[in-house]
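Close look at the chain arrangement
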Amino acid sequence: MHSRVLILLRHGKSAYPDGVADHERPLARRGQREAALAGDWIRLTQPAVDAVLCSTATRTRLTLEASGVDAPARYVDTLYGASAAEIVQEVASTDEAVRTLLVVGHEPGIPDTALALDPGGSLADRIADRFPTSAMATLAVAGSWADILGSGAHLTDFHIPR
């Protein structure tokens, strides 16, 4: 029986306004709509989210807001442009009382994390092929957050809200 759920969410489709730095780019209308659909899917198919780790980028913050996920969020500078190893390190520092964790971040870190945690899983090929904006990978985590690499994580779902 897996005791924890990790949801990895790539931010919604962003806009590209002139003169706006990458970190500050907002969501496009499509990104807002798809982030709301992502939140609906999370509420319908996953256990209640206990905590969120979110990149400090504007588009990730707006994705979380549009998703309607109502859980304590920690905004982490290092999640902007983070590698899979950096994301796993943040996940590993999660309080053990958290049963379901949502991470809102960017490509390639979010899909790379899913693949690093379960490289041979049945969903790995789909995730490696395409992880568009607002897509989510969910993993069942067998042990503690602190030992996520050692205890094993198994890809259970990959969803693209459209």
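Preceding block: the structure.
Let us look at the packing of aromatic side chains. Think of a pair of aromatic rings as described by two things: how far the centres are apart, and how the planes are tilted against each other in angle. Per the stated rule, a full pass over the model turns up one aromatic pair. Ring centres of F131 and F158 lie 5.2 Å apart, and the angle between their planes is 45°; this geometry places the pair in the tilted category. With a gap of 27 residues between them, F131 in the loop between α5 (124-129) and β5 (136-141) and F158 in strand β6 (residues 153-159) connect regions that are remote in the sequence. Neither F131 nor F158 differs from the other in exposure class; each is buried. Just above the ring of Y75 sits the side chain of R61; from NZ or CZ to the centre is 4.1 Å.

Moving on, we come to helix α2 (residues 58-67). Looking at α2, one finds that the buried residues are R59, T60, T63, L64 and S67. Down the axis of α2, the sector holding all buried residues measures 140°, keeping them to one side. Its buried side turned inward, α2 meets β1 (4-10), α1 (29-45), β2 (51-55), β3 (73-76) and β4 (100-105). Directly after α2, the chain includes G68, whose backbone phi takes a positive value near 75°.

Quick look at helix α3 (residues 84-92) now. Along α3, the positions that sit buried rather than exposed are A84, I87, V88, E90 and V91. All buried residues of α3 fall inside an arc of 160° around its axis, so they share one side. Pointing more than 90 degrees away from the buried face of α3 are the exposed residues A85 and Q89. Where the residues of α3 are buried, they touch β1, β2, β3, β4, α4 (109-117) and α6 (148-151).

Per the stated rule, a full pass over the model turns up nine salt bridges. Between R30 and E34 there is a salt bridge, with its nearest N and O atoms 3.3 Å apart. Remark: E34 and R30 occur in helix α1; sequence separation between them is four residues, near one turn of the helix. Using a relative accessible area of 38% as the deciding quantity, one classes R30 as partly exposed. Overall, E34 belongs to the buried group, its relative accessible area being 2%.

About the thresholds
Residues numbered from 1 in each chain as written. Predicted model: local features only at pLDDT ≥ 70, side-chain atom pairs only at ≥ 80, totals over all residues. Heavy atoms only, no water. Phe/Tyr/Trp six-rings, centres within 6.5 Å; stacked < 30°, edge-to-face > 60°. Helix = DSSP H or I, 4+ residues; strand = E, 2+ residues; numbered from the N terminus. Buried < 20%, exposed > 50% of the residue type's maximum accessible area, 1.4 Å probe, protein only. Lys NZ or Arg CZ within 6 Å of the ring centre and 35° of its normal. Arc of directions from axis to C-beta. Contact = heavy atoms within 4.5 Å. Salt bridge = Lys/Arg side-chain N within 4 Å of Asp/Glu carboxyl O.

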